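Geometric and topological summary
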Amino acid sequence: MPVTDPTATGTTWSVRDGLATLDEPAVLLRDALDAVFTRWGTEAGARRQSYPPLLRAEDLRSLDYFRNFPHLGSPVTRIRPDRLAALAAAPPGTTALPAAELADATHMLPSAACYGCFLHLTGTSADTPVLITTVAQCFRNEDHREGLRRLWGFTMREIVCVGSAEAVRTHLHLHQERILAFGAALGLTLDRQPATDPFFEKDGARTVMQLLAPVKEEYLHTDGTAVASTNNHRNFFGERRAISHAGRPAFTGCVAFGLERWVHVLGDLFEGDLTAAHRAVRQTGELP
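Our subject in this report is the structure included herewith. Since we're looking at a predicted model, the values are computed, not measured.

1. Quick notes on the pattern of salt bridges
- A full pass over the atoms with the stated rule returns 16 salt bridges.
- Of the charged contacts in the structure, one is a salt bridge between E43 and R39, with a shortest N-O distance of 2.5 Å. Here E43 and its partner R39 are both found in helix α1 (residues 24-43), 4 residues apart, which amounts to about one turn of the helix.
- The exposure class assigned to E43 is partly exposed, which follows from its relative accessible area of 48%.
- The shortest N-O distance in the salt bridge between R80 and D82 comes to 2.5 Å.
- According to the relative accessible area criterion, R80 is partly exposed, its value standing at 29%.

What follows is the structure in structure tokens.
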């Protein structure tokens, strides 16, 4: 049976400190799910891209990251050269690296796959919509962790649209329907609900707009697990990173899938038989 306890170990996966180890049935299921979502992207015209595993803190600052999501951040640094000997002499059983031993952090682990996409597109211009799909290991310091439902490190597939406001709305609507139809075909009951974690500052005019038209919607399993989301950033990234569409700041939107969360809900649905879940995903997703 799949494991739901935050620190327990089972035959299909194990989780410790919010970090998951997947055995082959879970790996195969996760990969099949990713193949389905990747195919959705390519069918929509998305180009596959991969981005660096680290993000510059100065770039994230331009996106109000440290105003909106500082609690999620995972800084990356190095051991100070002048502290290497002292660290080597630390007694056995020492469990942490003291902050005094570390250099200032200039980079962060990504908390969403799309950040790399928007940073890569900085300063670009296009007259037609740009669609990209990417996958990344993402990291979030959540206030609590729970099995595969809420991990520190996890896999996120995204399908990103950059273009006009209408192009973004069409992109999100297409995948809203696909997510619900795919879930229903698998036997999942997914509840579409507005969420409240916008990319932009919480004290600005865009927040008022969010109250009128939510910028993020999540797709929740019956146990409350959000397996996917659709996100309309409006022209926030277009303005902040000088990304243009038809001579004006581009609108952007993304569809995001938490792959380990899908493994969790399908493990629940198929009562731990991930081989059956894998077969159902391949058949429903029309994979060869």
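The structure having been displayed, the exposition proceeds.
2. Section: the sheet that holds strand β12 (residues 226-234)
- Within the open sheet, the 7 strands sit side by side as β3-β8-β9-β15-β12-β11-β10. Their pairing is mixed. The sheet is open, and its two edges are formed by β3 (47-48) and β10 (191-194), each paired on a single side.
- Of the strand pairs in this sheet, β12 and strand β15 (residues 251-258) are connected by 6 bridges, and their pairing is antiparallel. Residue pairing in the sheet places R234 in a bridge with T252 of β15.
- Helix α6 (residues 165-186) rests against β8 (130-139), β9 (153-163), β10, β11 (216-220), β12 and β15 of the sheet, and its axis sits at about 20 degrees to β15.

3. Looking at the packing of α1 against helix α9 (residues 259-269)
- In contact at an axis separation of 9 Å, α1 and α9 are set at 115 degrees when each is read in the N-to-C sense. At the point where α1 passes α9, the crossing takes the right-handed sense. Two secondary-structure elements touch here, α1 through A26, L29, R30, L33, D34 and F37 and α9 through L259, E260, W262, V263 and L266.
- Tallied by class, residues from the contact of α1 with α9 come to 8 nonpolar, no polar and 3 charged.

4. Comments concerning the packing of aromatic side chains
- Scanning the entire structure with this criterion turns up 12 aromatic pairs.
- A ring pair is formed by F37 and F182, whose centres lie 5.9 Å apart and whose planes are at 80 degrees; its orientation type is edge-to-face. Within this pair, whereas F37 is found in helix α1, its partner F182 is found in helix α6, the two being separated by 145 residues in sequence. Across the pair, exposure class does not vary: F37 and F182 are buried alike.
- Plain terms: the ring middles of W40 and F182 are 5.6 Å apart, the flat faces sit at 85 degrees to each other, and that makes the pair edge-to-face. A residue pair is termed long-range when its members are at least 10 positions apart, and W40 in helix α1 and F182 in helix α6 qualify at 142 residues.
- Judged by its relative accessible area of 5%, F182 falls in the buried class.
- Taken together, the ring pairs connect F37, W40, F182, F257 and W262 into an aromatic cluster.

5. Observations regarding the sheet that holds strand β5 (residues 74-76)
- Pairing is antiparallel across the open sheet formed by 3 strands, whose spatial order is β4-β6-β5. Each of the sheet's edge strands pairs with one partner strand only, and the pair in question is β4 (55-56) and β5.
- For β4 and strand β6 (residues 107-109), the ladder comprises 2 bridges, and the chain directions are antiparallel. For L55, the partnering residue across the bridge sits in β6 and is M108.

6. Focus: the nonpolar core
- Grouped together as the largest cluster of nonpolar side chains are 68 residues, with contacts concentrated most on F257 and W262.
- Among the elements that line this core, the one with the most residues is α1, at 7 residues.
- In contact with F257, not counting residues within four places along its chain, are F37, W40, T155, M156, R157, I159, I179, V227, A228 and W262.

7. Looking at the pairing of strand β2 (residues 19-22)
- In this sheet, β2 lies alongside strand β1 (residues 13-16) in antiparallel orientation, the contact comprising 4 bridges. When the bridges of β2 are listed, W13 appears paired with L22.
- The turn joining β1 and β2, which pair antiparallel and follow one another in sequence, is formed by 2 residues; a positive phi near 55 degrees is taken by D17.

Conventions we followed
- Residues numbered from 1 in each chain as written.
- Predicted model: local features only at pLDDT ≥ 70, side-chain atom pairs only at ≥ 80, totals over all residues.
- Heavy atoms only, no water.
- Salt bridge = Lys/Arg side-chain N within 4 Å of Asp/Glu carboxyl O.
- Helix = DSSP H or I, 4+ residues; strand = E, 2+ residues; numbered from the N terminus.
- Buried < 20%, exposed > 50% of the residue type's maximum accessible area, 1.4 Å probe, protein only.
- Pairing = 2+ DSSP bridges.
- Contact = heavy atoms within 4.5 Å.
- Axes fitted to C-alpha atoms, helices over the stretch in contact; angles between N-to-C directions.
- Left-handed = near helix turned anticlockwise from the far one by under 90°.
- Nonpolar A, V, L, I, M, F, W, Y, C, P; charged D, E, K, R; others polar.
- Phe/Tyr/Trp six-rings, centres within 6.5 Å; stacked < 30°, edge-to-face > 60°.
- Core = buried A, V, L, I, M, F, W, Y, C linked by side-chain atoms within 4.5 Å.

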